[in-house]
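Read off the chains here:
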Amino acid sequence: MANAENPLPLSQIRTNMKICIGGAAIEMRDALLTVLHGLLQNPDQLASCQQSQRWDLACEEGLRWVAPIQASPRIVKKEIELDGVRLPAGETIMAVQGSANYDEDYWQNPEQFNMHRPFAAHQTFGAGPHRCMGENIYRRIMSELILPKFFARFPNAEPAQNSKVEFRGFAFRGPLDLRVKLA
């Protein structure tokens, strides 16, 4: 970022570092709780994961369903027109992953957690030069370690009685808490 042919300004380097550091903890926590909530609310899908060991499908759907980073600022490098709107060079805009992942042109019933939906690439990790560098390690940790080990240890885990899950946050979004009965 600092030693590139066209280095980023210090303000952008700082922003990127905050995202990288936060992504190692905050995003992982929010994404994990989101996937657990989706599976625990859909016992048929949890049973499918336990039988097939396709935790990756639940992982991807959780990432699409509630993106742990909902929006990211971007600076327009050169003037463009996007859907009839002129965006001048230098303008700051927001890429809103949470909205893109609910685009009804791509997703049927996007508000529902459905790990069996036909695959379409979600925007949770961004795209192009802004694509998240940690996406592959996240996927491996979640689908090959955390989810299979958690449900191997607690195969009958279920939502705690009378617990309501509330999601909060704009930049970082996830459940405020997730109460689970470990049986």
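Our subject is the structure that appears above.
Please read all numbers here as calculations on a predicted model, not as lab measurements.

(A) Layout of helix H2 (residues 43–52). Looking only at H2, the buried set comprises Gln45, Leu46 and Cys49. All buried residues of H2 project into a common sector of 105° when viewed along the axis, lining one side. Relative to its buried face, H2 has exposed residues pointing more than 90 degrees away, namely Pro43, Asp44 and Gln51. Looking one or two residues beyond H2, the residue adopting positive phi is glutamine 53, at roughly 60°.

(B) Looking closely at a nonpolar patch on the surface. A cluster of nonpolar side chains, namely Met1, Met17 and Ile21, defines an oily patch on the protein surface of about 300 Å² accessible area. For methionine 1, the location among the structural elements is in the segment before helix H1 (10–40).

(C) Fine view of the packing of helix H3 (residues 55–65) against helix H5 (residues 135–153). Two numbers describe how H3 lies on H5: the axes approach to 9 Å, and their chain directions differ by 115°. H5 is crossed by H3, and the crossing has right-handed handedness. In this structure, H3 uses Trp55, Asp56, Cys59, Glu60 and Leu63 to contact H5, whose residues at the interface are Tyr138, Arg139, Met142, Ser143, Leu147, Pro148 and Phe151. Taken together, the residues of the contact of H3 with H5 break down into 8 nonpolar, 1 polar and 3 charged.

(D) Structural view of H5. Here H5 is 19 residues long and its end C-alpha atoms lie 26 Å apart, about the 27 Å a rise of 1.5 Å per residue gives. At methionine 142, H5 is bent by approximately 35°, the largest bend along its length. Looking only at H5, the buried set comprises Glu135, Tyr138, Arg139, Met142, Ser143, Leu147, Pro148 and Phe151.

(E) Region of the structure containing the environment of alanine 67. Inspection of the secondary structure puts alanine 67 in the loop between H3 and strand E1 (71–75). The spacing of alanine 67 and methionine 1 is 66 residues in sequence and 25 Å in space, taken between C-alpha atoms. Those residues within four positions of alanine 67 in sequence are excluded, and the remaining contacts are Gln97, Gly98, Asn101, Thr124 and Arg173.

(F) Up close: the packing of aromatic side chains. Applying the stated criterion to the full structure yields 6 aromatic pairs. On the basis of an interplanar angle of 55° and a centroid distance of 6.1 Å, the ring pair of phenylalanine 125 and tyrosine 138 is categorised as tilted. Linking phenylalanine 125 in the loop between helix H4 (97–100) and H5 with tyrosine 138 in helix H5, this pair joins segments that are 13 residues apart in sequence. Take tyrosine 138: its relative accessible area is 6%, and that puts it in the buried class.

(G) Structural detail: the pattern of salt bridges. Taken as a whole and judged by the stated rule, the model has 11 salt bridges. Its salt-bridge partner being glutamate 79, residue arginine 86 comes within 3.1 Å of it at the nearest N-O pair. As a salt-bridge pair, glutamate 166 and arginine 168 come within 2.8 Å of each other at their nearest N and O atoms. Of the residues examined, arginine 168 reaches a relative accessible area of 48% and is grouped as partly exposed.

(H) Layout of the nonpolar core. Judged by nonpolar contacts, the single largest core of 27 residues is most densely connected at Leu39, Trp55, Ala58, Tyr138, Met142, Leu147 and Phe151. At the level of secondary structure, the elements contributing two or more residues to this core comprise H1, H2, H3 and H5. Element by element, the count of residues in this core is highest for H1, at 7 residues. Ignoring any residue separated from it by four or fewer positions in sequence, one finds tryptophan 55 in contact with Leu39, Leu46, Cys49, Gln50, Ser143, Leu147, Pro148 and Phe151.

What counts and what doesn't
- Residues numbered from 1 in each chain as written.
- Predicted model: local features only at pLDDT ≥ 70, side-chain atom pairs only at ≥ 80, totals over all residues.
- Heavy atoms only, no water.
- Buried < 20%, exposed > 50% of the residue type's maximum accessible area, 1.4 Å probe, protein only.
- Helix = DSSP H or I, 4+ residues; strand = E, 2+ residues; numbered from the N terminus.
- Arc of directions from axis to C-beta.
- Patch = residues over 30% accessible without salt bridge, like charges linked within 9 Å, V, L, I, M, F, W, Y side chains within 5 Å.
- Areas by Shrake-Rupley, 256 points an atom, 1.4 Å probe, with all protein chains shown as cover.
- Salt bridge = Lys/Arg side-chain N within 4 Å of Asp/Glu carboxyl O.
- Axes fitted to C-alpha atoms, helices over the stretch in contact; angles between N-to-C directions.
- Left-handed = near helix turned anticlockwise from the far one by under 90°.
- Contact = heavy atoms within 4.5 Å.
- Nonpolar A, V, L, I, M, F, W, Y, C, P; charged D, E, K, R; others polar.
- Expected span 1.5 Å × (residues − 1).
- Bend = angle between axes of the 7 residues up to and from the residue.
- Phe/Tyr/Trp six-rings, centres within 6.5 Å; stacked < 30°, edge-to-face > 60°.
- Core = buried A, V, L, I, M, F, W, Y, C linked by side-chain atoms within 4.5 Å.

Fair warning: the whole summary comes from geometry, so function is off the table for now.
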